[in-house]
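Examining the three-dimensional arrangement
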Amino acid sequence: MAEVGGSIPLNWHHLLLTPARVDWFRPFSMRFDSMSYEQLSDASLLYHYENIRQQAAADISNGRYHFLGEAAKQRAEEIRREIDRRDLFALPINWPSQSE
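Keep in mind that this is a model prediction, so the values were computed, not measured.

Basis of the calculations
Residue positions within a chain follow its written sequence, with the count starting from 1. Local features in this predicted model are restricted to residues of pLDDT 70 or higher, and side-chain atom pairs are both shown and tallied only at a pLDDT of 80 or more, whereas totals for entire chains, interfaces and linings draw on every residue. Excluding hydrogens and water, the side-chain values take into account all heavy atoms of the structure. Put simply, buried Ala, Val, Leu, Ile, Met, Phe, Trp, Tyr and Cys residues joined by side-chain atoms within 4.5 Å make one nonpolar core. Note on classification: 1.4 Å probe, protein chains only; a residue is buried when its accessible area is under 20% of the maximum for its type, exposed when over 50%, partly exposed between these limits. Any two residues whose heavy atoms approach within 4.5 Å are treated as being in contact. A residue's pLDDT is the confidence the predictor assigns to it, expressed on a 0 to 100 scale. In this description a helix means any DSSP run of H or I spanning at least four residues, a strand means any run of E spanning at least two, and both kinds are numbered starting from the N terminus. What makes a salt bridge here is a side-chain nitrogen of Lys or Arg within 4 Å of a carboxyl oxygen of Asp or Glu, nothing more. Multiplying 1.5 Å by the residue count of a helix minus one yields the expected span of that helix. What the arc describes is the spread of directions from the helix axis to the C-beta atoms.

1. Topic: the nonpolar core
Generally speaking, a soluble globular protein has its nonpolar side chains buried in company with each other. Formed by 13 residues in total, the largest nonpolar core has its most connected members in L45, Y49, I52, I79, I83 and I93. Each residue touching I93, except ones within four places of it in the same chain, is listed here: Y49, I52, R53, A56 and A76.

Rendered as structure tokens:
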């Protein structure tokens, strides 16, 4: 076990619990609030939207389990508003129905 500054023991637990490391483990799309979508490039914005669209399609084809919930729908709506504001094109998201 190494020591930092001569008095604080440093081990792998310290590295895993730092805020930067915790943020790294969260999915990339969860690191942004709605205001920061304006800061993304067109390609990044479309990538995030397409990712959610493909996950929704996977939920439909899965049939039994649905992994995307209201949070994903809200995030997709925020991204869609930004896509429309920039006058970009993206296919619409077909969400699984509640009865499926």
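2. Things to note about the confidence of the model for the protein chain
Across the protein chain, the average pLDDT comes to 75, with 62% of residues at 70 or higher. Considering each helix and strand of the protein chain separately, the mean pLDDT is smallest for helix α2 (residues 19-25), with a value of 47, and largest for helix α4 (residues 70-85), with 93. Below pLDDT 50 for its whole length, residues 12-25 participates in 8 contacts with residues either more than four positions away or in separate chains.

3. A look at the pattern of salt bridges
Within this structure, the stated rule accounts for 6 salt bridges. Two residues, D84 and R80, come together in a salt bridge whose shortest N-O distance is 3.2 Å. Taken together, the positions of D84 and R80, both in helix α4 and 4 residues apart, correspond to about one turn of that helix. Look at D84 and you get partly exposed, because its relative accessible area is 46%. When the shortest N-O distance is used, the salt bridge between E82 and R85 registers 2.6 Å.

4. Overview of helix α3 (residues 42-62)
For α3, built from 21 residues, the straight-helix expectation of 30 Å at 1.5 Å per residue is met to within 8% by its first-to-last C-alpha distance of 30 Å. Along α3, the residues that are buried comprise L45, H48, Y49, I52, A56 and D59. The buried side chains of α3 occupy one side of the element, clustering within an arc of 90 degrees when seen end-on. Of the exposed residues in α3, those oriented more than 90 degrees away from the buried face are A43, Y47 and S61. Its buried side turned inward, α3 meets α4. Within two residues after α3, G63 carries a phi angle of roughly 80 degrees, on the positive side.

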